Amino acid sequence: MQTHFDCIPCFFRQALEGARIMRASQQRQKRIIDGFARKIPGISPHASPPEIARIVYKLLRAVCGCGDPYRRIKRKSNSCALRMLGRLRARVNRSKDRLLTALELAIAGNIIDFGVKNNLNVKEELRKILAQESRAVHKRSVFHYSEFRRVLKGAKNILYLADNAGEVVFDRVLAEEIKRLYPGITIYYAVKAEPVINDALLEDAKACGIDKAVRVISNGADAPGTILRLCSKRFRRLYKSADMVISKGQGNFESLSGEKRPIFFLFMVKCPVVAKETGYPIGTIALRYNMKRPEL
């Protein structure tokens, strides 16, 4: 997915809000805004939003000298989500279609996103997800479920692309359900190699306990999405050879939606640009199957 002009103000907002999270001085905030403004003329019109967001957050780290400014926020997200793990499992256990419910919850967990909404109240947003225990999250918003079940049934290995910290707990519930259905399947859970916004790192995956159900790996990159040319050779080999790819989050959709290989995108539509791109209203909980295949 290419970046739209409407994305540019969002990048400036992210830069400013990120600087304030780092408690940067007014002078440093201006340096960050000015620095990003100078880079805009050199940005390719074909670049995806995560490619440009990566520029923003590299600039933030360079100016503010902070290794992982979102570490405290990520730990809070992990802690809050872990306290919900029992309720998430209980919802799956009493569901008539356990896999569908686990999928819905995994996608609903995608609401934990500070790139889109830096003033996020984690506890409140998570409370909303489970506010109505007696019904599915948004069943009518889930697409391509029959295809998901069909591909899953024939898969021996899955590459699962992580998105945000905290959200990892919701991914854990889905991974556990997949392993319950197919105990012999291998799931590789790919996290980011270096800090960017609140995207999950190895430490977040372990803190959320998903390593008990999957093999956690690094994708070798530091973009808030999956930009294949920046990823490690090991990751790219897994990406090409995996029987099934599950891609979590809007950033991964933005960076991989044009790829010529089958991918299941699980994400919540959070901005007008992605809503226009997909045709799904903001707030939609989507399971979208990219059925493109490599050209021979």
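Along each chain, the written sequence defines residue order, and numbers are assigned to residues from 1. Totals for whole chains, interfaces and linings use every residue, but because this is a predicted model, local features are given only for residues with pLDDT of at least 70 and side-chain atom pairs only at 80 or more, for both listing and counting. The basis for every side-chain value is the complete set of heavy atoms in the structure, and neither hydrogens nor water enter the calculation.

Engineer: Any chance you could explain the pattern of salt bridges here in plain terms?
Structural biologist: When the charged atoms of two side chains lie near each other, side chains of opposite charge can form a pair. A pairing counts as a salt bridge when a side-chain nitrogen of Lys or Arg comes within 4 Å of a carboxyl oxygen of Asp or Glu. What the rule picks out here adds up to 16 salt bridges. A salt bridge links Arg-71 to Glu-203, with the shortest nitrogen-to-oxygen separation between them at 3.8 Å. Linking Arg-71 in helix α4 (residues 71–82) with Glu-203 in helix α10 (residues 202–207), this pair joins segments that are 132 residues apart in sequence. Its relative accessible area of 35% is what places Arg-71 among the partly exposed residues. Here Arg-98 ties to Glu-177 by a salt bridge, and the two come within 3.0 Å at their closest N and O atoms. Here Glu-177 lies in helix α9 (residues 167–181) and Arg-98 lies in helix α6 (residues 98–108), a separation of 79 residues in the sequence. Residues participating in the shared-partner salt-bridge network are Arg-54, Arg-61 and Asp-222. By the criteria applied, helices consist of DSSP H or I runs no shorter than four residues and strands consist of E runs no shorter than two, each listed in order from the N terminus. The classification of residues rests on relative accessible area computed with a 1.4 Å probe and restricted to protein chains. Under 20% of the type maximum is buried, over 50% is exposed, and intermediate values are partly exposed.

Engineer: In this structure, what is going on with empty space enclosed by the protein? I would like to understand it.
Structural biologist: Space left empty within the atom packing is revealed by a probe, the size of a water molecule, rolled over the atoms. Cavities and pockets were defined on a 1 Å grid built from protein atoms only: a cavity is a group of points that admits a 1.4 Å probe but offers it no way out, a pocket is an open group of points flanked by protein on both sides within 12 Å along at least five of seven lines, and a lining residue is one with an atom within 4 Å of any such point. Grid points are joined across faces, edges and corners, and a volume is the space filled by probe spheres set on the points. Within this structure, the stated rule accounts for one cavity of 30 Å³ or more. Approximately 40 Å³ is the volume attributed to the largest cavity. Taken together, Met-22, Tyr-57, Arg-61, Asp-68, Pro-69, Tyr-70, Pro-195, Val-196 and Ile-197 form the lining of the largest cavity. In terms of residue class, the lining of the largest cavity is made up of seven nonpolar, no polar and two charged. Here the nonpolar group is Ala, Val, Leu, Ile, Met, Phe, Trp, Tyr, Cys and Pro; Asp, Glu, Lys and Arg are the charged ones; every other residue, Gly included, is treated as polar.

Engineer: Can you walk me through the packing of α6 against α9 in this structure?
Structural biologist: The angle between the axes and the distance between the axes are what describe a pair of packed helices. Orientation of α6 relative to α9, taken along the N-to-C sense of each, is 160°, at an axis distance of 8 Å. One element, α6, and the other, α9, form an angle in the roughly antiparallel class. When the axes of α6 and α9 are compared, the crossing they make is left-handed. For the pair formed by α6 and α9, the contact residues are Arg-98, Leu-99, Ala-102, Leu-103, Leu-105 and Ala-106 on the first element and Glu-167, Phe-170, Asp-171, Val-173, Leu-174, Glu-177, Ile-178, Arg-180 and Leu-181 on the second. Partitioning the contact of α6 with α9 into residue classes produces ten nonpolar, no polar and five charged. Lines fitted to C-alpha atoms define the axes here, with helix axes fitted over just the stretch in contact, and angles between the N-to-C directions of these axes take values from 0 to 180 degrees. We call two directions roughly parallel when the angle between them is under 35 degrees, roughly antiparallel when it is over 145, roughly perpendicular when it lies between 65 and 115, and oblique otherwise. Here a crossing is taken to be left-handed if its near helix is turned anticlockwise relative to the far helix by less than a right angle, and right-handed if that turn runs clockwise. Residue contacts follow a heavy-atom distance rule, with two residues in contact if any of their heavy atoms lie within 4.5 Å.

Engineer: Is there a simple way to explain helix α1 (residues 7–21) in this structure?
Structural biologist: Every α-helical turn comprises 3.6 residues, leaving residues that sit three or four positions apart pointing alike. Here the expected length of a helix is defined as 1.5 Å per residue gap, with one fewer gap than residues. Compared with an ideal rise of 1.5 Å per residue, which puts 15 residues at 21 Å, α1 spans 21 Å between its outermost C-alpha atoms and is within 8% of the ideal. Inspection of α1 places Cys-7, Phe-11, Gln-14, Ala-15, Gly-18 and Ala-19 among the buried residues, and these make up the whole buried set. With its buried residues spanning 125° around the axis, α1 presents them on a single face. The inward-facing, buried residues of α1 contact α2 (26–39), α3 (49–64) and α13 (272–278). To obtain the arc, one takes the directions from the helix axis to the C-beta atoms.

Engineer: For this particular structure, what's the right way to read the sheet that holds strand β6 (residues 285–290)?
Structural biologist: Ordered in space as β3-β2-β1-β4-β5-β6, the six strands form an open sheet in which the pairing is mixed. On the outer flanks of this sheet lie β3 (215–218) and β6, each paired with one strand and no other. Mean inter-strand twist for the sheet, computed between neighbouring axes without regard to direction, equals 20°. Strands pair, by our definition, only if DSSP identifies at least two bridges between them. In this structure, strand β5 (residues 263–268) lies alongside β6, joined through six bridges in antiparallel fashion. Bridged to Leu-266 within β6 is Leu-287. Each of β1 (157–161), β4 (244–248), β5 and β6 touches α6; the most contacted strand, β6, lies at about 105° to it. Sheet contacts for α9: β1, β2 (186–191), β4 and β5; angle to β2, the most-contacted strand, approximately 170°.

Engineer: Explanation requested: the pairing of β1 in the structure shown.
Structural biologist: Successive residues of a regular strand alternate their side chains across the two faces of the sheet. Across the five residues that make up β1, a large majority, four, are buried. Direction of pairing for β1 relative to β2: parallel, over a ladder of five bridges. Within β2, the position partnered with Leu-159 by the bridge is Tyr-188. Handedness of the crossover is the feature at issue here: the chain leaves β1, passes through α9, returns alongside β2, and the resulting connection is right-handed. Two elements, β1 and β4, share four bridges in a ladder whose sense is parallel. Note that in β4 the partner of Tyr-160 across the bridge is Ile-246. By convention, orient the strands away from the viewer: a clockwise path from the first strand over the helix to the second makes the crossover right-handed.

Engineer: What exactly am I supposed to notice about the confidence of the model for the protein chain here?
Structural biologist: Caution is warranted with low-pLDDT regions, since their predicted coordinates should not be read in detail. For every residue, the predictor assigns a confidence score, pLDDT, that lies between 0 and 100. For the protein chain, mean pLDDT is 87; residues scoring 70 or higher make up 88% of the total. Residue range residues 132–140 is modelled with pLDDT below 50. Its contacts to residues more than four positions away, or to other chains, number 15 contacts.

Engineer: Teacher, can you tell me more about the nonpolar core here?
Structural biologist: Generally speaking, a soluble globular protein has its nonpolar side chains buried in company with each other. In this structure, Ile-32, Leu-159, Phe-235 and Tyr-239 are the most contacted members of the largest nonpolar core, which totals 48 residues. It is α3 that provides the largest number of residues to this core, a total of eight residues. With sequence-adjacent residues up to four places away left out, Tyr-239 is seen in contact with Leu-159, Leu-228, Val-245, Leu-256, Glu-259, Arg-261 and Ile-263. Think of a nonpolar core as a cluster: buried Ala, Val, Leu, Ile, Met, Phe, Trp, Tyr and Cys residues, connected wherever their side-chain atoms sit within 4.5 Å. Within the second largest apolar cluster, 46 residues are counted, among which are Ala-162, Ala-175, Phe-264 and Met-268.

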